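Observations on chain architecture
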Amino acid sequence: QKEVEQDPGPLSVPEGAIVSLNCTYSNSAFQYFMWYRQYSRKGPELLMYTYSSGNKEDGRFTAQVDKSSKYISLFIRDSQPSDSATYLCAMRDYNAGNNRKLIWGLGTSLAVNP
Amino acid sequence: EADIYQTPRYLVIGTGKKITLECSQTMGHDKMYWYQQDPGMELHLIHYSYGVNSTEKGDLSSESTVSRIRTEHFPLTLESARPSHTSQYLCASSAAYEQYFGPGTRLTVT
């Protein structure tokens, strides 16, 4: 079983819809959670970064962490065609010391249709 | 502007050639990483470095090698390219936990 599970999709929604993207994880020591957006043939771009539990909002994006359920979510409000991309979650074990390696999800492919 | 650069962006090369993929960052980050990613597939960490003269192999076995002689520079070398090396290679850097990526090098070995 992978440490981080993410449904690869593809997910297809109409423009203006609210999108929910999710990852589950098995390591209760994970404390740092990140969401990246990757357009085709480009490098991943950091969207949101949260520590421990709770919500964080940035414009149309909200990141949510539920450590009790080992579940993180990224919500996109008023989705736009330009949001069409692959969204990857990544996380890190607080107890890993100086180890800066991230554990990555497979990525969810999102298409927002005009 | 602080950024991370990769060259070349695209490379088509014949089997047996030696190649070096360049990665430079101007963010002053001490940690740098190389990932390999096939189209539609997950990221695989192949090398990382926590500072000058420090390099480690990643989770995916790779025939490539890396060096870190300067903080801002982390080149990846393939001594003898093979078709199985065809992939996208992504370089990243970090100061804390979040990593910042370059645009990638798309390598095709014929």
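Up top is the structure.
We now turn to the structure provided with this report. Quick caveat: nothing in here was measured; it's all calculated off a predicted structure. (Residues numbered from 1 in each chain as written. Chains lettered and ligands numbered in written order. Predicted model: local features only at pLDDT ≥ 70, side-chain atom pairs only at ≥ 80, totals over all residues. Heavy atoms only, no water.)

**Some words on the interface of chain A and chain B**
How big an interface is tends to be reported as the loss of accessible area on association of its parts. Stated formally: In what follows, residue pairs with any heavy atoms lying within 4.5 Å of each other are defined as contacts. Once two parts are joined, some of their accessible surface, as seen by a 1.4 Å probe, is lost; buried area is that loss totalled over both. The working definition used for a salt bridge is a side-chain nitrogen of Lys or Arg within 4 Å of a carboxyl oxygen of Asp or Glu. Here a polar contact is recorded for every N or O atom pair within 3.5 Å, except that within protein the pair must consist of a potential hydrogen donor and a potential acceptor, and residues adjacent in sequence are included only if both atoms are side-chain atoms. The helix count covers DSSP runs of H or I at least four residues long, the strand count covers runs of E at least two residues long, and both are numbered beginning at the N terminus.
Between chain A and chain B, the residue contacts involve 20 residues of the former and 23 residues of the latter. Taken together, both faces of the contact between chain A and chain B bury some 1,900 Å²; the carbon and sulfur share is 54%. Taken together, the links from chain A to chain B amount to two salt bridges. Of the charged contacts in the structure, one is a salt bridge between B:Asp59 and A:Lys101, with a shortest N-O distance of 3.3 Å. Inspection of the chain A/chain B interface yields five residue pairs in polar contact (both at pLDDT 80 or more). Elements with a minimum of two residues in the side of chain A that touches chain B: strand E4 (30-38), strand E5 (45-51) and strand E9 (85-93) of chain A.

**Focus: the pairing of E5(A)**
All names here are of chain A. This is how it is decided: One bridge is not enough; two strands pair if DSSP finds at least two bridges between them.
Relative to E5, E4 runs antiparallel, the two being bridged by six bridges. Following the sheet pairing, Tyr 36 is matched in E5 by Leu 46. Between the antiparallel neighbours E4 and E5 lie six residues, among them Arg 41 with a positive phi of about 65 degrees.

**Observations regarding the packing of aromatic side chains**
Any pair of aromatic rings gets described here by the distance separating the centres and the angle formed by the planes. Selection rule: Each Phe, Tyr or Trp ring, with Trp reduced to its six-membered ring, pairs with another whose centre is within 6.5 Å; inter-plane angles below 30 degrees give stacked pairs, above 60 give edge-to-face pairs, and intermediate values give tilted ones. Ring-over charges, as used throughout, are those where CZ of Arg or NZ of Lys falls within 6 Å of the ring centre and within 35 degrees of the ring normal.
Taken as a whole and assessed by the stated rule, the structure comprises eleven aromatic pairs over all chains. A centroid spacing of 5.1 Å and a plane angle of 45 degrees characterise the contact between B:Tyr48 and B:Tyr50, whose relative ring orientation is tilted. A connected cluster of aromatic rings, assembled from ring pairs, spans A:Tyr32, A:Tyr49, A:Tyr51 and B:Tyr97. Between the NZ or CZ atom of B:Arg68 and the centre of the ring of B:Phe74, over which it lies, the distance is 5.9 Å.

**Details of the pattern of salt bridges**
Tallying each qualifying case throughout the model produces nine salt bridges over all chains. Linking B:Glu42 and A:Lys2 is a salt bridge whose minimum nitrogen-to-oxygen distance equals 3.2 Å. Residue B:Glu42 is located in the loop between strand E4 (31-37) and strand E5 (44-51), and its partner A:Lys2 is located in the segment before strand E1 (4-5); the two belong to separate chains.

**Digging into the sheet that holds strand E7 (residues 65-66) of chain B**
In spatial order, the strands read E1-E3-E8-E7 (chain B); together these four strands make up an open sheet with antiparallel pairing. Both edges of this open sheet fall to strand E1 (4-7) and E7 of chain B, since each of them pairs with a single strand only.

**Quick look at the state of the cysteines**
Residues and elements named next belong to chain A. Heads up, the rule is: What counts as a disulfide here is a pair of cysteine sulfur atoms lying within 2.5 Å.
Here the structure, examined in full by the defined rule, presents two disulfides over all chains. Put simply, Cys 23 and Cys 89 are joined by a disulfide, and their sulfur atoms are 2.0 Å apart. Since a negative S-S torsion denotes a left-handed disulfide, the Cys 23-Cys 89 link at about -105 degrees is left-handed. Of the two residues, Cys 23 sits in strand E3 (residues 19-25) while Cys 89 sits in strand E9, which places them 66 residues apart along the sequence.

**Digging into unusual backbone geometry**
With an omega of 10 degrees, the peptide bond running from A:Gly9 to A:Pro10 counts as cis. Here A:Pro10 lies in the loop between E1 and strand E2 (11-14). Cis rather than trans, the peptide bond between B:Thr7 and B:Pro8 has omega equal to -10 degrees. On the secondary structure map, B:Pro8 appears in the loop between E1 and strand E2 (10-13). Positioned with a positive phi, A:Ser52 is a non-glycine residue whose angle comes to about 60 degrees. Tracing the chain through its elements places A:Ser52 in the loop between E5 and strand E6 (54-58). Notably, B:Asn53 is not glycine yet its phi reads approximately 65 degrees, a positive angle.

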